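Summary of structural features
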Amino acid sequence: MAMALMLSISTCFAEIKNAKEETVHIYGNCSICKSTIESAANVKDVVQVEWNKDTKMAVLTYDEKQTNQDEILKRIGLAGYDSDKFLAPDNVYAKLETCCQYERAAKIIAKIEASKAVNLAVEEKVVAPILEIKTEGEQLQLKEVFNSYFAVKDALVKTDGTLAATKAVLLLNSINAVKMENLTKEEHSEWMKVMKDLVFDAEHISETKDAGHQRDHFTSLSKNMYSLIKVSKQETPTYYQFCPMANKGKGANWLAKEKIVKNPYYGSKMLGCGKTVETIN
Amino acid sequence: MSHFIKNRVLSPCNMRMKSLIVFIKTNAIITVFVLFSSTIFAQKVVRYDLYVKDTLVHFAGKEKRAIAVNGQIPMPTLTFTEGDTAEIHVHNQLKEETSLHWHGLFLPNKEDGVPNLTQMPIWPNTTHIYRFPIIQNGTHWYHSHSGLQEQIGMYGNFVMLKRPSSPSFRKGIDDLPTLPIVLSEWTNLNPENIHRMLHNANDYPALKKNSVQSYGEAISAGHFKTKMKNEWKRMMAMDVSDVYYEKIFMNGLPSSELKSISGNELKGGDKVRLRISNGGASSYFWLTYAGGKITVVANDGNDVEPVEVDRLIIAVSETYDVIVTIPAEKTAYEFLATTEDRTNSASIYIGNGIKQLKSPLPRLKYFEGMKMMNDMMKMNGELDDMGMAMSLNQMDMNVVMYPEITGDAKPKQDDNDPNRYNANALGDLVTLNYAMLKSPTITALPKEAPIKELYFKLSGNMNRYVWSLDNKVVSEADKILIKKGENVRIVIYNGSMMRHPMHLHGHDFRLLNGQGQNAPLKNIVDIMPMETDTLEFNANVEGDWFFHCHILYHMMSGMGRVFSYENQLPNPLIPNPKLAQRKLFADDRGFHFMAENDFATNGNDGMAMLQNTRWSIGSEWRLGYHDSHGYEVETHIGRYMGKMQWLMPFIGFDWRYRKFGIDEQETNLFGQSNSKDLRSLVTVGVNYTLPLLIVGQAEIYHDGNIRFQLMREDMPITKRLRMSFMLNTDKEYMAGFRYIVNKNMGITSHYDSDMGFGAGITFSY
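**Observations regarding the overall build of chain B**
The helix and strand inventory of chain B stands at 9 helices and 45 strands. With the principal axes as the frame, chain B shows a C-alpha extent of 105 × 80 × 50 Å. By sequence separation, contacts in chain B at least 24 residues apart represent 68% of the contacts at least 6 residues apart. For chain B, the computed accessible surface area is about 31500 Å², with 59% contributed by carbon and sulfur atoms. Side chains of chain B give 80 positive and 83 negative charges; the mean places of these two sets differ by 5 Å.

**Observations concerning the sheet that holds strand 3 (residues 75-81) of chain B**
Residue and element names in this part refer to chain B. Read from one edge of the open sheet, 4 strands run 3-8-7-5, paired in mixed fashion. Each edge of the sheet is formed by a strand with only one pairing partner; in this case those strands are strand 3 and strand 5 (101-103). The average angle at which neighbouring strand axes cross in this sheet is 25 degrees, direction not considered. In terms of strand pairing, strand 3 meets strand 8 (residues 155-161) through 5 bridges, oriented parallel. Among the inter-strand pairings, Met 75 is bridged to a residue of strand 8, identified as Gly 156.

**Details of the environment of B:Lys62**
Here B:Lys62 is to be found in the loop between strand 1 (45-57) and strand 2 (64-69). Here B:Lys62 is in contact with B:Val57 and B:Asn188, once residues within four sequence places are set aside.

**Brief notes about the interface of chain B and chain A**
Each side of the interface is counted separately: chain B has 44 residues, and chain A has 41 residues. In this assembly, chain B packs against chain A so that about 3300 Å² is buried in total across both faces, 62% of it on carbon and sulfur atoms. Counting every contact that joins chain B to chain A gives 1 salt bridge. B:Glu334 serves as the salt-bridge partner of A:Lys74, at 2.9 Å between the closest nitrogen and oxygen. Put simply, chain B and chain A have 12 residue pairs in polar contact (both at pLDDT 80 or more) between them.

**Things to note about the packing of helix 2 (residues 31-41) of chain A against helix 3 (residues 69-78) of chain A**
Residue and element names in this part refer to chain A. Contact geometry of helix 2 with helix 3 gives a least axis separation of 8 Å together with a crossing angle of 135 degrees. One way to sum up the angle between helix 2 and helix 3 is to call them oblique. Judged by the twist between their axes, the crossing of helix 2 over helix 3 is right-handed. Along the contact surface, helix 2 presents Ile 37, Ala 40 and Ala 41, while helix 3 presents Ile 72, Arg 75 and Ile 76. Here the residues of the contact of helix 2 with helix 3 are counted per class, giving 5 nonpolar, no polar and 1 charged.

**Some points on the environment of B:Gly606**
Its location among the elements puts B:Gly606 in strand 35 (residues 603-611). Residues within four places of B:Gly606 in sequence aside, it is in contact with B:Glu596, B:Asn597, B:Ser619, B:Glu620 and B:Trp621.

**Notes on the sheet that holds strand 28 (residues 509-511) of chain B**
All names here are of chain B. Overall, mixed pairing links the 6 strands, which are arranged 24-23-26-31-28-29 in an open sheet. Each end of this open sheet is capped by a strand with a single partner; those strands are strand 24 (466-469) and strand 29 (521-522). The sheet contact formed by strand 28 and strand 31 (residues 532-538) spans 2 bridges and is antiparallel. Note on strand 31: the bridge partner recorded for Arg 510 is Glu 536.

**A short note on the environment of B:Gly746**
Considering the arrangement of structural elements, one finds B:Gly746 in strand 44 (residues 745-752). Excluding anything up to four places from it in sequence, B:Gly746 contacts B:Arg738, B:Tyr739, B:Ile740, B:Val741, B:Gly760, B:Ile761 and B:Thr762.

**What about empty space enclosed by the protein?**
All names here are of chain B. Under the definition given, this model contains 10 cavities of 30 Å³ or more. Here the second largest cavity is characterised by a volume of approximately 300 Å³. In terms of lining residues, the second largest cavity is bounded by 26 residues, among which Met 238, Met 372, Met 373, Asn 398 and Met 497 are the most central. With 5 residues, helix 6 (residues 366-376) is the single largest residue contributor to the lining of the second largest cavity.

**Examining the packing of aromatic side chains**
A complete count under the given rule lists 30 aromatic pairs over all chains for this structure. Centroid distance A:Phe86 to B:Tyr349: 6.1 Å. Interplanar angle 65 degrees. Geometry classified as edge-to-face. Note that A:Phe86 is positioned in strand 4 (residues 86-87) and B:Tyr349 in strand 21 (residues 345-350), a pairing that runs across two chains. For A:Phe86, a relative accessible area of 3% corresponds to the buried category.

**A short note on the pairing of strand 4 (residues 85-92) of chain B**
Residue and element names in this part refer to chain B. In terms of burial, strand 4 is a largely internal element, 8 of the 8 residues being buried. Because side chains alternate across strand 4, one face comprises the buried residues Thr 85, Glu 87, His 89 and His 91, and the other comprises Ala 86, Ile 88, Val 90 and Asn 92, equally buried. Here strand 1 pairs with strand 4 via 8 bridges, running parallel. Bridge assignment links Tyr 48 to a residue of strand 4, and that residue is Ile 88. Pairing between strand 4 and strand 6 (residues 127-133): 7 bridges, direction antiparallel. Bridging from a neighbouring strand, His 91 pairs with Thr 127 of strand 6.

**Observations concerning the packing of helix 7 (residues 161-176) of chain A against helix 8 (residues 185-207) of chain A**
Residues and elements named next belong to chain A. Following both chains from N to C, one finds helix 7 and helix 8 inclined at 150 degrees, their axes separated by 8 Å at the closest point. Looking at the two axes, helix 7 sits roughly antiparallel to helix 8. Helix-helix and strand crossings are classified by hand; for helix 7 and helix 8 the assignment is left-handed. Across the interface between the two elements, Ala 164, Ala 165, Ala 168, Val 169, Leu 171, Leu 172, Ile 175 and Asn 176 of helix 7 pack against Trp 191, Met 195, Leu 198, Val 199, Ala 202, Glu 203, Ile 205 and Ser 206 of helix 8. Of the residues in the contact of helix 7 with helix 8, the class split is 13 nonpolar, 2 polar and 1 charged.

**Comments concerning a nonpolar patch on the surface**
On the surface, B:Phe591, B:Phe593, B:Leu610, B:Trp615, B:Ile617, B:Ile637, B:Ile651, B:Val684 and B:Tyr765 cluster together into a nonpolar patch covering about 810 Å² of accessible area. Among the secondary structure elements, B:Phe593 is positioned in strand 34 (residues 592-600).

**Some thoughts on helix 3 of chain A**
Residues and elements named next belong to chain A. For helix 3, the complete set of buried residues consists of Gln 69, Ile 72, Leu 73, Ile 76 and Gly 77. One face of helix 3 carries all of its buried residues, which in axial projection span an arc of 140 degrees. The elements touched by buried residues of helix 3 are strand 1 (19-25), helix 2, strand 2 (47-51), strand 3 (57-63) and strand 4. Directly after helix 3, the chain includes Gly 80, whose backbone phi takes a positive value near 115 degrees.

**Some thoughts on the side chain of B:Asn200**
Residues and elements named next belong to chain B. Looking at where Asn 200 falls in the secondary structure, it is placed in the loop between helix 2 (191-199) and helix 3 (204-209). Among the polar contacts listed, one links the side chain of Asn 200 to the side chain of Gln 611, at a separation of 2.9 Å. Setting aside its immediate chain neighbours within four residues, Asn 200 contacts His 592, Phe 593, Met 594 and Gln 611.

Here is what the cut-offs are and how they apply
- Residues numbered from 1 in each chain as written.
- Chains lettered and ligands numbered in written order.
- Predicted model: local features only at pLDDT ≥ 70, side-chain atom pairs only at ≥ 80, totals over all residues.
- Heavy atoms only, no water.
- Helix = DSSP H or I, 4+ residues; strand = E, 2+ residues; numbered from the N terminus.
- Contact = heavy atoms within 4.5 Å.
- Areas by Shrake-Rupley, 256 points an atom, 1.4 Å probe, with all protein chains shown as cover.
- Lys, Arg positive; Asp, Glu negative; His and termini not counted.
- Charge placed at Lys NZ, Arg CZ, Asp CG, Glu CD.
- Pairing = 2+ DSSP bridges.
- Axes fitted to C-alpha atoms, helices over the stretch in contact; angles between N-to-C directions.
- Buried area = accessible area lost by both parts, 1.4 Å probe.
- Salt bridge = Lys/Arg side-chain N within 4 Å of Asp/Glu carboxyl O.
- Polar contact = N/O pair within 3.5 Å; in protein donor to acceptor, adjacent residues only side chain to side chain.
- Parallel < 35°, antiparallel > 145°, perpendicular 65-115°, else oblique.
- Left-handed = near helix turned anticlockwise from the far one by under 90°.
- Nonpolar A, V, L, I, M, F, W, Y, C, P; charged D, E, K, R; others polar.
- 1 Å grid on protein atoms, 1.4 Å probe; cavity = no way out; pocket = protein on both sides within 12 Å on 5 of 7 lines; lining within 4 Å.
- Points joined across faces, edges and corners; volume = space filled by probe spheres on them.
- Phe/Tyr/Trp six-rings, centres within 6.5 Å; stacked < 30°, edge-to-face > 60°.
- Buried < 20%, exposed > 50% of the residue type's maximum accessible area, 1.4 Å probe, protein only.
- Patch = residues over 30% accessible without salt bridge, like charges linked within 9 Å, V, L, I, M, F, W, Y side chains within 5 Å.
- Arc of directions from axis to C-beta.

Put into structure tokens, the structure is as follows:
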């Protein structure tokens, strides 16, 4: 085995001109790592890398007129393997086989001053002072319903049918937990109108994992939530948003707490499609 | 310049006395004003001397010609402070003319640097002085506006700093350590050749970029129907970019390190401000950062309210000021600029220590993009936005091609698969769009000024590389007249299949993006296909100002207009406006040449063509090696009609000679007697591009014979294999294959009804 390896190395080396040889340390665990590292690094007639999984040392042989050590180590880094010069991107490391995930030195996080920048997603989550205690009871009930609705919406933005189904169950529970006596007059009358349909849509969304099917029900769910939230005072503004292409081109709406448009009917395929048509305070 | 001296009307009676008093008064006023102004305007004159010279570079494996200024590429960074007077001496040491345009600067028209519009070119071995006051601040850049010089090194940073006492000075933003970066590209091909190849629809760049999208690749990706439908709609395979570049640079280097600024070493926790200008000739760049979020604080040299994003795309000629933070100690984080087509990138490592890499953007899913284009394109070439009313880059239709957002490509995907929409954790990456930009100050235009509304439709044709506004190129359109003092509002709709960075000289415009009175000020707007954007500006500086797509090869093809102020004073630098205009128009009227010849065993098959925006003069020949094979030459002079240019009527001349060869046909399909053995005829006819890109031809000879022909060339079977076929009513037919070896050479084999089977080598230019 070693002989065969030696022979193959010597024949490979014969093709690299202006050969420069260096030994460097590359992190990794097993033979899968070895093949990943070497296939990322090797370039026919230009670069040949031989990594030893026990010593974690690699012998680089390369044509110094055509490339340099940095280029080779960068390729290895982008394949998920740290060296002393380059750190692999975290997301690539995370995708390595579990057996390959070598131990990485933790970074020393520096102290950073608070950023003055506006993070558009965060901007709208400013908490307003609590309203009169008398209405807090009712507020909490409908607030739960709305929060569960937003959770379903966010799951659909991610096109995660399984998550949407789970959140729809919570929505159903919060709808059923509402005590109509505790609602205000306007909320009560609106609640009477939409409750049955809310239950219907929430049930259907919870019973399937197919995002497409869930989105069909989300159209009517959103419409009813809209009429409900219009009569129910909330602490922070809610945005009523519209996408003209949803619902087979007929267009559909949804409610969101963030101003930046994230489309629940198309998810990442057309995340930004749509605009805010109304701000409900 | 305002007039310090008011006009005075003198009454004839008291003229003598009054005139004396007036004389003294006026002079006193003048003297006071001059003293006053000299204290205000006696700011620094900042002088730069730029020596423009030919040079040889070795950027990508071959020694090539480039242009260096003061011995460097990019050109030196020019820095000023608002209030300075800039004085730039340009010494042209090239053997050709040159010019320098100051992108986004407010200045008198004659300093704008557009040859044949605002000045005559700077001739070889002469020096031209640009002199103007700096009345603004921000990150800008400068570049040659002559020919294609911008592609080979004539680009550089142009930074104007705020006065520290300025009320718009932002603490924590304007006082950070800063680095100007100009992004650019390098190609080993001569840019004139690139321009020619683009006009000849040579798909060699696609081969280098692996974006040929052949039938073979379509089949293995499960997209045969997509490819077929695409060609049925008469589209050629499209990429987001046209040109192949060997290298991408940040300040002239593909990879560099930023370890300290102004002598201070960068360490964990530090914030750095990057003044980024896209000096590329045709590339858009995605900007991403290994150390986390990017905060955008300015755009096109104008402040915007800080907005935090995960990534942004910078259009050709745009500038963005961004702030990034170094999150950890002893680590240098990669700031990456990747071309929109994902084939290449440049990096700068910010900080001191081990380099933290950023995941590169993965290759595009071309067939997903093709499918999207099929849905968006009607048979007549018009685009259909399906009621989406898109604007301001809010909806990126290309997202279907981005694996990092919509997941990896899946071979042979079933359209009815309920799981085809994959959940993707990266789907909530925040990408900057124009609707997120807000000016910190009110930018509303003067209310009393009259409004002039203009509408433009960007039009284009990939197959013939014709790019225009309202289907008219610069040389085909009149100047657009505007009046000083009026508000000009322009609505632009992009009816073409590519995005375009539209740039206005001499003015900033408000981009109406829902931020009301705080609409951001820009000087270029990137419009994606089917988007509509509205911009407005106050016409406050007279002159002739260019408005054009900043993709260099589109601009040279005529995609632009000239805004001209009515009743402006004549430009002292243009003594002969008519001659200057002819030279300006010559840019898009140029003819492009292509030729190829197949040296095969059964004869020489070839063609040569000279074509420009609307005209084509071409010859095709089949020359056998002996009389029984025959010789024929067909020449056509045609004019393309219509926006899509599918129709081309022509007149021509057909000559052939043959002595009793194989496959003798006495009559053609219509029973007319065939003149195949000796023919010398004038013809009139028409070409029409049919679905599947088959060219149908109908021709009448002056002897009354009629011929119909169908022909398809260069059908992409695999990445390197092309197929052609032809058949006509003279009962002739041909079919063949060509294997592309390199840019100029291919190996062929074909069967021709007149000359039989043959194999050979094709050389093409």
